[in-house]
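So the chains spell out like this:
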Amino acid sequence: MSSSNSLRSLLGKSTLPSNEAKILLAFILEKHYQLPRSALLSKDDLELSPTALEDWMDLQSRRMSGEPIAYLLGKKGFYNIELKVDPGVLIPRPETELLVEIALAQLAKLSAPGRILDLGTGSGAITLAVAHNVPSAQITATDQSDEALMIAKQNATALGLIDRVEFRQGSWYEALADQTSFDIILSNPPYIANKDPHLSQGDLRFEPVSALTDGSTGLSCLETIISQAGHYLKPGGLLAVEHGFDQSEAVIGLMKKAKLEGAQVHKDLSGHNRCASARKSISK
Ligand code: GLN
């Protein structure tokens, strides 16, 4: 009997880039055999069962047609937590970890437990990374999408954080009813312009379009969030938003127009201007 379905031979035959083939085959090994990734090498003569083989062929062809790895695995690491993801939510990006860092630095300066608002939480990435790392933080997380809120709640439950977050459905501040006086407002809103060619490339083709673009210039959701932030922040409270690499100037301009103070640009690990933060005046 030939060993054509051995791990070694399947990896050798795969038309995927080798790192992707390994990630997906490791996932099959864990799912069907409860084996760790290291088995790709240590048990490379293992023959996949017909069911596992079918699963592998399916994942391989879906990846070949462009489906994001995170959706194929159903999970994505973010900051120091792991999140369940599916096509109902944006895949958390490493650059968004910057918002978590800004929030953690601000929380460390507060004398009382911080009240945080996360607008458009998606999978719950920002909210749950903050909640996981700061046990005293009180967080309200919103999303317009019921599907996203369902996933965010599942993630909160899986991480043991469901009692620490208040989830609310609605568009930006409309989700809040009468809550105000937040120490920190965070948001990674849809900021890609509707004509941006990236929307029809790579992973983005499979992600929820409402989480990527505002259907207009890319600045309209940022404008809504920034222009009303003063009403929902405590005096001295901090607003921090993620934006496109070329939107920094416009976003800082919106913050100044909203009379927020100390507007600051934050660079991501690739050196792009990626987030902006500013404060509500202490005297108001
Ligand atoms: N950072 C994402 C991307 O460029 C966009 C996410 C968003 O619009 N908030 O792929």
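The text that follows walks through the structure, step by step, so that each part is easy to find.

The rules we used
Sequence positions are assigned chain by chain, starting from 1 and proceeding in written order. Where local features are concerned, this predicted model is filtered to residues with pLDDT of at least 70; where side-chain atom pairs are given and counted, the filter is 80 or more; whole-chain, interface and lining totals use all residues. Note: side-chain values were computed over all heavy atoms of the structure, leaving out hydrogens and water. The pairing test for Phe, Tyr and Trp rings, Trp by its six-membered ring, is centres within 6.5 Å, and the orientation test on the planes gives stacked under 30 degrees, edge-to-face over 60, and tilted for anything in between. Numbering goes from the N terminus for both helices and strands, where a helix is a DSSP run of H or I of at least four residues and a strand is a run of E of at least two. Counting as a charge over the ring demands two things of the Lys NZ or Arg CZ atom: a distance within 6 Å of the ring centre and an angle within 35 degrees of the ring normal. The rule is simple: take the accessible area with a 1.4 Å probe, protein chains only, and divide by the maximum for that residue type; under 20% is buried, over 50% is exposed, in between is partly exposed. Here, two residues are considered to be in contact whenever any of their heavy atoms come within 4.5 Å of each other. What makes two strands pair is DSSP finding at least two bridges between them. Between N-to-C directions, angles span 0 to 180 degrees; the directions come from axes that are lines fitted to C-alpha atoms, helices contributing only their stretch in contact. We call a residue near a molecule or strand when any one of its heavy atoms sits within 4 Å of it. Whenever two N or O atoms come within 3.5 Å, that pair is a polar contact, provided that in protein one can donate a hydrogen and the other can accept it, and provided that, for residues adjacent in sequence, both atoms are side-chain atoms. Reported accessibility uses the Shrake-Rupley method at a 1.4 Å probe radius. Residues are deemed covered only where the shown protein chains occlude them. Cavities and pockets were defined on a 1 Å grid built from protein atoms only: a cavity is a group of points that admits a 1.4 Å probe but offers it no way out, a pocket is an open group of points flanked by protein on both sides within 12 Å along at least five of seven lines, and a lining residue is one with an atom within 4 Å of any such point. In this description, a molecule resides in a pocket or cavity if more than half of its atoms sit within 2 Å of the grid points defining it.

### Brief notes about the packing of aromatic side chains
Geometry of an aromatic ring pair is reported as the spacing of the ring centres plus the angle between the planes.
Here's step 1: Taken as a whole, this structure holds 1 aromatic pair when the rule is applied.
Here's step 2: Consider the rings of Y173 and Y232, whose centres lie 4.3 Å apart with planes at 10°: the pair is stacked. Pair noted here: Y173 is in the loop between β5 (165-169) and β6 (182-187) and Y232 is in helix α10 (residues 220-232), with a separation of 59 residues, a long-range link.
Here's step 3: Sitting over the face of the ring of F182, R115 holds its NZ or CZ atom 4.5 Å from the ring centroid.

### Observations concerning the environment of V100
Here's step 1: Within the secondary structure, V100 sits in helix α6 (residues 97-109).
Here's step 2: For V100, a relative accessible area of 0% gives the class buried.
Here's step 3: Along the backbone, V100 and I184 are 84 residues apart, and their C-alpha atoms lie at a distance of 11 Å.
Here's step 4: Excluding residues within four positions of it along the chain, V100 makes contact with F78, Y79, I126, A129 and V130.

### Things to note about the sheet that holds strand β9 (residues 273-279)
Here's step 1: Spatial strand order, β5-β4-β3-β6-β7-β9-β8: 7 strands in an open sheet with mixed pairing. With partners counted over all chains shown, the strands left at the sheet margins are β5 and β8 (261-267), one partner each. Across the sheet, the mean angle separating the axes of adjacent strands is 15° when strand polarity is ignored.
Here's step 2: As judged from the 5 bridges shared by strand β3 (residues 115-119) and strand β4 (residues 138-143), these two strands associate in the parallel manner. Bridging across to β4, R115 finds its partner in Q138.
Here's step 3: Sitting on the sheet, helix α7 (residues 125-133) touches β3, β4, β5 and β6, and the angle it makes with β4 is about 170°.
Here's step 4: Relative to the sheet, α10 contacts β3, β6 and β7 (233-242), its axis offset from that of β7 by approximately 165°.

### Re the site of the ligand
Here's step 1: Every residue lining the ligand is accounted for by L90, R93, E95, N188, P189, P190, Y191, I192, L204, A211, L212 and E242.
Here's step 2: At a separation of 2.6 Å, a nitrogen atom of the ligand approaches a polar backbone atom of P189.
Here's step 3: In this structure, a nitrogen atom belonging to the ligand sits 2.9 Å away from a side-chain N or O atom of Y191.
Here's step 4: Protein coverage of the free-state accessible area of the ligand, which is 300 Å², stands at 89%.
Here's step 5: Placement of the ligand is best described as lying within the largest pocket.

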